[in-house]
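The chain contents come next:
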Amino acid sequence: HEGNSLVEFAPHEIVRRGIVQVPEGRRLFDTLTVEENLLMGGYARPSHETADALEQVFSLFPAVKNHRHRVAGYLSGGQQQMVAIGRALMAKPKLLLLDEPSLGLAPIMVDKVFDMVRALVAQKGLSVLLVEQNVGNALHLSQRAYVLEHGHIVKSGLSADLLNDPDVQRSYMGL
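To keep things clear, this report deals only with the structure shown in the data block. Source: prediction; values computed, not measured. (Residues numbered from 1 in each chain as written. Predicted model: local features only at pLDDT ≥ 70, side-chain atom pairs only at ≥ 80, totals over all residues. Heavy atoms only, no water.)

Thoughts on the pattern of salt bridges
So, point 1. Inspection of every chain in the model, using the stated rule, returns six salt bridges.
So, point 2. Between Lys155 and Asp165 there is a salt bridge, and its shortest N-O distance comes to 3.2 Å. On the criterion of sequence distance, the pair formed by Lys155 in strand β5 (residues 152-158) and Asp165 in the loop between α8 (159-163) and α9 (166-172) is long-range, its members being 10 residues apart.
So, point 3. Look at Lys155 and you get partly exposed, because its relative accessible area is 26%.
So, point 4. With a relative accessible area of 17%, Asp165 lands in the buried category. (Salt bridge = Lys/Arg side-chain N within 4 Å of Asp/Glu carboxyl O. Helix = DSSP H or I, 4+ residues; strand = E, 2+ residues; numbered from the N terminus. Buried < 20%, exposed > 50% of the residue type's maximum accessible area, 1.4 Å probe, protein only.)

Description of unusual backbone geometry
So, point 1. The phi torsion at Lys92 lies on the positive side, around 50°, for a residue other than glycine.
So, point 2. Within the secondary structure, Lys92 sits in the loop between α5 (77-89) and β2 (95-99).

Examining helix α2 (residues 34-41)
So, point 1. Every buried residue of α2 is accounted for by Val34, Glu35, Asn37, Leu38 and Gly41. Seen along its axis, α2 keeps its buried residues to an arc of 160°; they face one direction.
So, point 2. In this structure, the buried residues of α2 make contact with α3 (47-60), α4 (62-66) and α5. (Arc of directions from axis to C-beta. Contact = heavy atoms within 4.5 Å.)

Spatial relationships are all this shows, so hold off on functional conclusions.
Structure (structure tokens):
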């Protein structure tokens, strides 16, 4: 973080420094309501900022607002992903780590998730690190990319260049 190691910091201290993760599989509190899940994401913020943060999430994800009093475990996968991203945004991150946001979603929801990520990337003051197996969508969305195989970087560069790379197209995009 800003040139410093985060190894010695507890997770809540990392969140306070502006780095927040949306884990693979969403990991919501299934028995809590949507709003309660969102409020959990804002626990590290001063209480006077919570209401504004909640309204910002609701404006970004109107479908989440419509389900604010529903138990999160009863939502569809796409709705749960919106809640998980919203929960992370409640912490007002500088760096948002998205781990496989399209995993397990219906194709139409995959498109909606990438539209959400595109909107997030457009926000000033927010950087997004995306880990995603949907290579085509990830490359269209990002500026830079790293291709990993067995934990090692095998290719890296501008996303546009990798999108046109014959090896990437053949090995990762089925072209």
